[in-house]
Amino acid sequence: MAKKTRLDLMRMKKSGEKVAWVTAYDFPTASFAEQAGMDMILVGDSLGMIVLGYQGTIPVTMEECITCCNAVRRGAPNTFCIGDMPFMSYQISDEDAVYNAGRFLKEADMDAVKLEGGRRVITRIKAIADAGMLVMGHIGLTPQSSGVLGGFKAQGRDPKSARDLIMDARAIEEAGAFSLLLEAVPPELTEFITNDLTIPVYSIGAGIPCDGQLLICGDMLGLFEAFTPKFVKKYANVAEIEIKAFKEYVDDVKKGRFPTDEHCYHILPETADEYQKMLDELRR
């Protein structure tokens, strides 16, 4: 399978072919996603909750992101992969933004980076793009700014906030972003922005009238049990399967049913007598 490029993604927008992508944070998940034919993989800062058990994305560090990105790249060498810039990796200055974006490409072999925010981060987007890197915008519900937004709430549901998001989207495209992610906004707004921009526009909880869909692997696979967003479709319940397997294992160990003879390594037949003699000599 050939890795998608920016030109492929633009072609897919023009032809109406939807892009299917998902988050991944480790080698096996990335490998399975690639085998399934996923168009893109996002190594999201959601790793803070899904993998590391944080309450949100704010504590996630660049080092944690880079480690997960490296694992994902090894698992999906032929998939377009995007590194998610964590909180405070781009907020301070354009220079910091360019440096940290470069780390994703240089140290983890990512194809692009993503950052949150609209007009307030336009100089960051432009600086990264001007440095020759692909950068994706992200507006709507932006988890790193959930405190300012009043929590994890849908955005753009009234005319004023919708207008603001449209202005953000236009500014992001003008700044040089190669694509845009809309999170938790009404489908009507998603459709307008998708038709308004020339770059691909993707949805996570923003309805179907766009250029593709993103879901968090922990949500769609039923791995993350703390909560399930309204927009998620569960395609599996891996947590239930794992808990059942662990319970059976505990029960087998407690009752002496595991391991059985088939799970054991045995003495080489030709050395059995010598082996037993050695044990007898050492037995106290």
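For the structure itself, look to the data block above.
Predicted, not measured: the structure shown is a model, and the values here were computed from it.

### A short note on the pairing of strand β7 (residues 201-204)
Residues of β7 alternate between two faces, with Val201 and Ser203 on one and Tyr202 and Ile204 on the opposite face, all of them buried. One ladder, built from four bridges, connects strand β6 (residues 179-183) with β7; its direction is parallel. The partner of Leu182 across the bridge, within β7, is Ser203. After leaving β6, the chain enters helix α9 (residues 187-196) and then returns to the sheet as β7, a path that is right-handed.

### Quick word on helix α4 (residues 62-75)
Over its 14 residues, α4 extends 20 Å from the first C-alpha to the last, a length consistent with the 20 Å expected when each residue adds 1.5 Å. All buried positions along α4 are accounted for by Met62, Cys65, Ile66, Cys68, Cys69, Ala71, Val72, Arg73 and Gly75. On the buried face of α4, the contacting elements are α2 (27-35), β2 (40-43), α3 (47-50), β3 (80-84) and α5 (94-108).

### Let's talk about the nonpolar core
General note: in soluble globular proteins, nonpolar side chains tend to be found buried as a group. Judged by nonpolar contacts, the single largest core of 71 residues is most densely connected at Trp21, Met40, Phe104, Ile125, Ile128, Leu180 and Ile193. Of the residues forming this core, the biggest block, seven residues, is contributed by helix α8 (residues 159-175). Residues within four places of Met40 in sequence aside, it is in contact with Leu9, Val19, Ala20, Trp21, Val22, Thr79, Phe80, Ile82, Met136 and Tyr202.

### Details of the packing of aromatic side chains
Under the definition given, this model contains three aromatic pairs. Where Phe80 meets Phe178, the ring centres are 5.9 Å apart and the plane angle is 55°; that geometry is what we call tilted. A residue pair is termed long-range when its members are at least 10 positions apart, and Phe80 in strand β3 and Phe178 in the loop between α8 and β6 qualify at 98 residues. The same class applies to Phe80 and to Phe178, which are both buried. Here the aromatic rings of Tyr249 and Phe258 are separated by 6.0 Å at their centres, their planes lie at 70°, and the arrangement is edge-to-face.

### Observations concerning a nonpolar patch on the surface
There is a patch of nonpolar side chains on the surface, built from Ile267, Tyr275, Met278, Leu279 and Leu282 and spanning about 450 Å² of accessible area. Looking at the element boundaries, Tyr275 is found in helix α12 (residues 272-282).

### A short note on the pattern of salt bridges
Here the structure, examined in full by the defined rule, presents 20 salt bridges. As a salt-bridge pair, Asp251 and Lys255 come within 3.4 Å of each other at their nearest N and O atoms. On the basis of relative accessible area, Lys255 is assigned to the exposed category, the value being 56%.

### Things to note about unusual backbone geometry
The linkage connecting Phe258 with the following residue, Pro259, adopts the cis geometry, with an omega of 0°. Relative to the elements of secondary structure, Pro259 occurs in the loop between α11 (238-254) and α12. Phi is positive for Asp109, which is not a glycine, with a value near 60°. Along the chain, Asp109 turns up in the loop between α5 and β4 (112-114). Judged by relative accessible area, which is 41%, Asp109 ranks as partly exposed. Even without being a glycine, Ala184 presents a positive backbone phi close to 55°. Structurally, Ala184 can be placed in the loop between β6 and α9.

Rules behind the numbers
- Residues numbered from 1 in each chain as written.
- Predicted model: local features only at pLDDT ≥ 70, side-chain atom pairs only at ≥ 80, totals over all residues.
- Heavy atoms only, no water.
- Buried < 20%, exposed > 50% of the residue type's maximum accessible area, 1.4 Å probe, protein only.
- Helix = DSSP H or I, 4+ residues; strand = E, 2+ residues; numbered from the N terminus.
- Pairing = 2+ DSSP bridges.
- Right-handed = clockwise from strand over helix to strand, strands pointing away.
- Expected span 1.5 Å × (residues − 1).
- Contact = heavy atoms within 4.5 Å.
- Core = buried A, V, L, I, M, F, W, Y, C linked by side-chain atoms within 4.5 Å.
- Phe/Tyr/Trp six-rings, centres within 6.5 Å; stacked < 30°, edge-to-face > 60°.
- Patch = residues over 30% accessible without salt bridge, like charges linked within 9 Å, V, L, I, M, F, W, Y side chains within 5 Å.
- Areas by Shrake-Rupley, 256 points an atom, 1.4 Å probe, with all protein chains shown as cover.
- Salt bridge = Lys/Arg side-chain N within 4 Å of Asp/Glu carboxyl O.

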